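# Notes for the structure review
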Amino acid sequence: MRIHFPFQLTTAALVLATLACSTLGGSTGDLSATETAVASTVMTQLAAPTSDSQVPTSDAQPATLPPTTAGVQPPPSGGTPQFNPFASLTTDQESCLRTAWGDQAFQEITGFQRPPVPDEVKAMGDCGFLPPPQPAGAVTYAIVDTGQGICYDNSDAIACPGAGQPFFGQDAQYAANPPRYRDNGDGTVTDLVTGLMWQQQIGGKATYDQAVAGAVALNLAGYNDWRLPTLKELYSLILFDGTDVSGCAGGTCSATPFIDTAYFGFEYGDAAAGERVIDAQYWSSTQYVSTTMNGDATVFGVNFADGRIKGYPREARGGANLQFVRYVRGSPDYGVNHFADNGDGAIADRATGLTWMQADSGQALNWEGSLAYCESLSLAGHDDWRLPNAKELQSLVDYTRAPAATGSAAIDPLFGSTTIADEGGGADYPFYWSSTTHADSNGSGSFAVYVAFGEALGFMETPPNSGNTQLLDVHGAGAQRSDPKSGDPAQWSEGHGPQGDVVRVYNYARCVRGGSVVFDPDGDPTAVRPAMTIENTGGQPSPAGSQPPPGGQGTGQGPDLAAAAAQLGVTEQQLRDALGPPPPDLAAAAARLGVTEAQLRAALGVP
């Protein structure tokens, strides 16, 4: 077992709060120059290890360094931290901060579990705490963990595998920067990892231009510096312990949103108003440098109902394109990478503390193969590489690049990306696997998350209801989608989903190492957020050429897949794999199972 200790757990988070301090001052007013100086020394590279230290024993405990003069323990490391600002904390200052913060917050902040928020920074100044100057090269971009604690095989939840076993090294087994929020009680929520402050509730939907203008007009909790978030800021809120609600075809079903509803207001699409339940898309401020569909100017957004990134037309044809809006304030530098070529086949991102393969796998692999590829990789003198989770992988995207606009993959040119032939025979760049399973509300884990560093293609019926499909960049380079973990891509010749997303099954891998990751061999399957009940009238439009998917879970409204499989003479897993993600193509599913579509419909109870 390889255990990585969280040396940089709050390194990035603290820096983010520093950068935010000029705009995140409490209601008492802006931080003073002294308080800003205090923040700028604390938000820094607190304990970057000299070599991403590892403890190679299964039962090893973090080594503890001697206490500081005030009794505060530096972060555990098994090595010597490069910088510990709390080493200069006196006993009187400690007593003052414990009184101002409370013991729990004191332990969290000095234990490098989270950054101080602005009012806590102010207390540091009030207590006369002036840490020594910070070193250069501080991490500034904290990637919040995905929250996925369950392990999966190619279809189902499983007990997390051990080293050398199939499916070892997936998202649930590596954790870093667990999500932490604070409800400020004034309509705002502070992300204690990134330092960003968010609007807690959402209003009605808006066009993109209205969303931009709304930020200028918003005065919330005494602040008037709100803005529409960038895509990377918005994506920092996504949690992959959520379940894709696409399978809710009608009646009542349940699913878990991909955002923490204990802190943030959330709504599914209003089926009674003719929307799909998955119509819970949010605008970002990140515009696609190319176009999607047939030349549409496009803006990226995040869908917290189905757990994906796609590009949305800035102006819909024949009507307004309305999406939800959630405003943010704080450091504008969140999501800005700082890459450095190490000269050994690896690229360091000094903004996140992660180190990446400079090249990619050079070959297409299924999900299990990608996990194994990274776990077995030895490169640049290290053998602790892993397949990145969805949010780590998305942090690499350069949204100023796209094949049609720059002739390159959507990634910094320091990286090498294999050129592939896409489904239309054109030159393109790969989808890259993440270690994150994309679970759906039907209980299936047969799809995993990928990020498109080339065009995110789909087979669109053009014009609608014509029966003619056209291969188009439907979501934009930099979109995050999901693919079957295994199977024959030829069985998905028309793609899947409302935009006919191409299905490749065999995607590429770009491995990562370092950062604040902690190895958790068993995951955390008990960390499950409550599901929401969805009342779906069934009135939402279905994509042309597709059939309504089987229903959801938990209430008995969906089909009995075990009974349907028995009726068809196949296993339940074969049936699930054939149906794929919602909404399923029943004709294609029937062909995969070797039955007629009528037989499949009868078994599922679908008219």
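### Considering the overall build of the protein
Each helix and strand counted, the protein has 14 helices and 26 strands in total. In the protein, which comprises 607 residues, the share counted as buried stands at 57%. Intrachain contacts of the protein at a sequence separation of at least 6 include 70% that bridge at least 24 residues. Entry remark: accessible area of the protein is about 21,800 Å², with carbon and sulfur atoms responsible for 51%.

### Remarks on the pairing of strand S7 (residues 188-191)
Residue alternation in S7 divides its side chains into two sets, Thr188 and Thr190 and Val189 and Asp191, and both sets are buried. Bridge analysis of strand S6 (residues 181-183) against S7 gives three bridges, and the strand direction is antiparallel. In the strand pairing of S7, Asp183 is matched with Val189. Here S6 folds back onto S7 in antiparallel fashion, the turn holding four residues, of which Gly185 has a positive phi close to 75°. With three bridges joining them, S7 and strand S8 (residues 197-199) adopt antiparallel strand pairing.

### Focus: helix H13 (residues 586-593)
Every buried residue of H13 is listed here: Leu586, Ala589, Ala590, Arg592 and Leu593. Projected onto a plane normal to the axis of H13, the buried residues spread over an arc of 160° and lie on a single side. Summarising the contacts, the buried residues of H13 are in contact with helix H11 (561-568), helix H12 (572-579) and helix H14 (597-604). Within two residues after H13, Gly594 carries a phi angle of roughly 75°, on the positive side.

### Describing the state of the cysteines
The final tally for this structure, using the stated rule, is three disulfides. At a sulfur-sulfur separation of 2.0 Å, the disulfide partner of Cys151 is Cys160. Every disulfide takes its handedness from the sign of the S-S torsion; for Cys151 and Cys160 that torsion is 90°, giving right-handed. Overall, Cys160 belongs to the buried group, its relative accessible area being 17%. Here Cys374 connects covalently by a disulfide to Cys511, the sulfurs 2.1 Å from one another. Between Cys374 and Cys511, the S-S torsion sits near -85°, and that sign places the bridge as left-handed. Residue Cys374 is located in helix H8 (residues 367-375), and its partner Cys511 is located in the loop between strand S23 (480-484) and strand S24 (512-514); the two are separated by 137 residues in the primary sequence.

### Notes on the sheet that holds strand S14 (residues 339-341)
Here we have four strands laid out as an open sheet, ordered S14-S15-S16-S24, and antiparallel in their pairing. Because the sheet does not close on itself, it has two edges, and the strands there are S14 and S24. If you compare each strand with its neighbour and ignore which way they point, the axes differ by 30° on average. Pairing analysis gives three bridges linking strand S16 (residues 354-357) to S24, with the strands arranged antiparallel. Pairing of Thr355 across the sheet is with Arg513, part of S24.

### Let's talk about the side chain of Arg326
Tracing the chain through its elements places Arg326 in the loop between strand S12 (308-313) and strand S13 (328-329). Reaching out from Arg326, the side chain makes a polar contact with the backbone oxygen of Gln199 at a distance of 2.9 Å. Polar side-chain contacts of Arg326 include one of 2.7 Å to the backbone oxygen of Gln200.

### Thoughts on the confidence of the model for the protein
Across the protein, the average pLDDT comes to 81, with 79% of residues at or above 70. Across residues 1-82, where pLDDT falls below 50, the model places 223 contacts with residues more than four positions away in sequence or in other chains.

### Digging into the environment of Pro530
Mapping Pro530 onto the fold places it in the loop between strand S25 (518-519) and strand S26 (532-536). Sequence-wise, Pro530 and Asp260 are 270 residues apart; in three dimensions their C-alpha atoms are separated by 9.6 Å.

### Comments concerning the pattern of salt bridges
A side chain with one charge can pair with a side chain of the opposite charge if their charged atoms come near. Applying the stated rule across the entire model yields 16 salt bridges. The salt bridge involving Arg314 is made with Asp209; its shortest N-O contact spans 2.9 Å. Taken as a pair, Arg314 in the loop between S12 and S13 and Asp209 in helix H6 (residues 208-217) lie far apart in primary sequence, 105 residues in all. The class for Arg314 is partly exposed, based on a relative accessible area of 26%. For Asp279, the salt bridge identified is with Arg276, shortest N-O distance 2.8 Å. Ionic contacts of the salt-bridge type, sharing partners, join the residues Glu94, Arg98 and Asp103 into one network.

### Topic: the packing of H13 against H14
Taken N-terminus to C-terminus, the directions of H13 and H14 make an angle of 100°; their axes are 8 Å apart at the nearest point. What the angle tells us is that H13 and H14 run roughly perpendicular. Here Leu586, Ala587, Ala589, Ala590 and Leu593 of H13 come into contact with H14, specifically with Glu597, Leu600, Arg601 and Leu604. Grouping the amino acids of the contact of H13 with H14 by side-chain chemistry returns seven nonpolar, no polar and two charged.

### Some thoughts on helix H4 (residues 103-110)
Taken together, the buried positions of H4 are Ala105, Phe106, Glu108, Ile109 and Thr110. Phi turns positive one or two residues past the end of H4, at Phe112, with a value near 65°.

### Considering the packing of H11 against H14
Two numbers describe how H11 lies on H14: the axes approach to 8 Å, and their chain directions differ by 145°. The two elements H11 and H14 meet at a crossing, and its hand is right-handed. In this structure, H11 uses Leu561, Ala564, Gln567 and Leu568 to contact H14, whose residues at the interface are Gln599, Leu600, Ala602, Ala603 and Leu604. In terms of residue class, the contact of H11 with H14 is built from seven nonpolar, two polar and no charged.

### Quick word on unusual backbone geometry
Only a minority of non-glycine residues have a phi that is not negative, and only a minority of peptide bonds are not trans. Of note, the phi angle at Met293 is positive, near 50°, even though the residue is not glycine. Following the sequence through the fold, Met293 ends up in the loop between strand S10 (281-292) and strand S11 (296-303).

### Structural notes on the sheet that holds S8
Here we have four strands laid out as an open sheet, ordered S6-S7-S8-S13, and antiparallel in their pairing. The two strands at the open ends of the sheet, each matched to only one other strand, are S6 and S13.

### With respect to the environment of Asn342
Inspection of the secondary structure puts Asn342 in the loop between S14 and strand S15 (346-349). With a relative accessible area of 40%, Asn342 lands in the partly exposed category. Setting aside anything within four residues of it in sequence, one finds Asn342 in contact with Ile347, Ala348 and Thr355.

### Notes on the side chain of Asp384
Relative to the elements of secondary structure, Asp384 occurs in the loop between H8 and helix H9 (390-394). There is a polar contact of 2.6 Å between the side chain of Asp384 and the side chain of Arg513.

### Regarding the nonpolar core
Judged by nonpolar contacts, the single largest core of 61 residues is most densely connected at Val245, Phe266, Val302, Phe304, Phe453 and Ile534. For this core, the secondary structure elements donating two or more residues are helix H7 (231-235), strand S9 (251-255), S10, S11, S16, H9 and strand S20 (447-452). Top element by residues in this core is H7. It accounts for three residues. Ignoring any residue separated from it by four or fewer positions in sequence, one finds Phe266 in contact with Ile202, Pro257, Ile259, Thr261, Ala280, Tyr282, Phe304, Ala305 and Met532. Among the nonpolar cores identified, the runner-up in size contains 23 residues, and Leu371, Cys374, Trp433 and Ala452 belong to it.

Calculation notes
- Residues numbered from 1 in each chain as written.
- Predicted model: local features only at pLDDT ≥ 70, side-chain atom pairs only at ≥ 80, totals over all residues.
- Heavy atoms only, no water.
- Helix = DSSP H or I, 4+ residues; strand = E, 2+ residues; numbered from the N terminus.
- Buried < 20%, exposed > 50% of the residue type's maximum accessible area, 1.4 Å probe, protein only.
- Contact = heavy atoms within 4.5 Å.
- Areas by Shrake-Rupley, 256 points an atom, 1.4 Å probe, with all protein chains shown as cover.
- Pairing = 2+ DSSP bridges.
- Arc of directions from axis to C-beta.
- Disulfide = S-S within 2.5 Å.
- Axes fitted to C-alpha atoms, helices over the stretch in contact; angles between N-to-C directions.
- Polar contact = N/O pair within 3.5 Å; in protein donor to acceptor, adjacent residues only side chain to side chain.
- pLDDT = per-residue confidence, 0-100.
- Salt bridge = Lys/Arg side-chain N within 4 Å of Asp/Glu carboxyl O.
- Parallel < 35°, antiparallel > 145°, perpendicular 65-115°, else oblique.
- Nonpolar A, V, L, I, M, F, W, Y, C, P; charged D, E, K, R; others polar.
- Left-handed = near helix turned anticlockwise from the far one by under 90°.
- Core = buried A, V, L, I, M, F, W, Y, C linked by side-chain atoms within 4.5 Å.

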